[in-house]
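Letter by letter, the chains look like this.
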Amino acid sequence: MCFRVIADKIKLLSVCRGLTAQNVADLRAMRHDLCNHLCAISGLAQLGDTARITGYVSDMLGLLAMNALLAGTGCAPVDAILADKLNRAREMDLILSLDTAPLPALGLRDCDLALIVASLLDHGLAQARRVTGRPRQIHFTLKMENGFLLVRCAHPVKGARPNKALAAKVRKCAAKYGGVCRFQLKGGTLLTEIY
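For every chain, the first residue of the written sequence is number 1, and numbering continues from 1 along that sequence. Residues qualify for local features only when their pLDDT is at least 70, as the model is predicted, and side-chain atom pairs are given and counted only at 80 or more; totals for whole chains, interfaces and linings, by contrast, use all residues. The side-chain numbers reported here are obtained from all heavy atoms of the structure, hydrogens and water having been left aside.

### Side note on the sheet that holds strand β5 (residues 189-194)
Pairing is mixed in the open sheet, where five strands are placed in the order β1-β2-β3-β5-β4. What marks the edges here is a single partner per strand, and that holds for β1 (95-100) and β4 (181-186). On average, each strand axis in the sheet is tilted by 10° relative to the strand beside it, whichever way the strands run. The pairing of β1 with strand β2 (residues 137-145) spans six bridges and is parallel. In the sheet register, Ile 95 faces β2, and the bridge partner there is Gln 137. Two residues form a contact once any of their heavy atoms are found within 4.5 Å. Note on geometry: axes are C-alpha line fits, over the in-contact stretch for helices, and angles between N-to-C directions span 0 to 180 degrees. Under the DSSP-based scheme used, a helix requires at least four consecutive residues in state H or I and a strand at least two consecutive residues in state E, with every element numbered from the N terminus. Along the sheet face, helix α3 (residues 76-91) touches β1 and β2 and points at about 155° away from the line of β1. Here, strands pair whenever DSSP counts at least two bridges between them.

Spelled out as structure tokens, the structure:
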């Protein structure tokens, strides 16, 4: 039992290790953005343009509220991964749409759920980035449906070769909990569903 707990902790740390370095870079970028926003507000204040200040602050607060709503599962590692992937999608000029909801207490280890989410989104972002001449959008769902956890990821792909390593990793992780995986490639879009 002790070894299993240690193994779970190691899996969670390996999933989150890359996030830590990215979080430091994100914090630096956020500090820089905050400084820029404060300079803009200060400039508007010097001009005495209170209407534009109010509008500017409202826009900033709206964006913050939207980001909080998009990644609210209640599972801290998964929420951190979703926030990180949203930022990466913006940097890559991709559209990542999330359909998430607060999750009840599940019999899943956080590290396993985080591994599935990170694997699917990393693959989706990498594949969508290579696509040209059509929409580069990833749709990701993580919520309860009919009493079961649903994880769904749909994204465009270039070429028709399935990623066998990704499928094996996700199937192995889902099988621990009696989960069922389905992969379907149709019309240049890969749909992955896990119940």
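### Focus: the packing of helix α4 (residues 110-130) against helix α5 (residues 164-175)
At a minimum axis distance of 10 Å, the contact between α4 and α5 shows a crossing angle of 160°. Here α4 lies roughly antiparallel to α5, going by the angle between them. The chirality of how α4 crosses α5 is left-handed. For the pair α4 and α5, the contacting residues are Asp 112, Leu 115, Ile 116, Ser 119, Leu 120 and His 123 in the first and Leu 166, Lys 169, Val 170, Cys 173 and Ala 174 in the second. Classification used: nonpolar for Ala, Val, Leu, Ile, Met, Phe, Trp, Tyr, Cys and Pro, charged for Asp, Glu, Lys and Arg, polar for all others including Gly. For the contact of α4 with α5, the per-class residue count stands at seven nonpolar, two polar and two charged. These descriptions rest on fixed angle ranges, namely under 35 degrees for roughly parallel, over 145 for roughly antiparallel, 65 to 115 for roughly perpendicular, and the rest for oblique. Two helices that cross are described as forming a left-handed crossing if the nearer one is turned anticlockwise from the farther one by less than a right angle, and a right-handed crossing if clockwise.

### Focus: the environment of Asn 163
Within the element layout of this structure, Asn 163 appears in the loop between β3 (148-156) and α5. The sequence separation of Asn 163 and His 123 amounts to 40 residues, and the corresponding C-alpha distance is 8.8 Å.

### Some remarks on a nonpolar patch on the surface
Patch membership needs two things, relative accessible area over 30% and no salt bridge, and members are linked within 9 Å if like-charged or within 5 Å if nonpolar (Val, Leu, Ile, Met, Phe, Trp, Tyr). The Shrake-Rupley method, run with a 1.4 Å probe, gives the accessible areas here. Residue values count only the displayed protein chains as cover. Counted as salt bridges are all cases of a side-chain nitrogen of Lys or Arg within 4 Å of a carboxyl oxygen of Asp or Glu. On the surface, Phe 148, Val 180 and Tyr 195 cluster together into a nonpolar patch covering about 320 Å² of accessible area. Here Phe 148 is to be found in strand β3.

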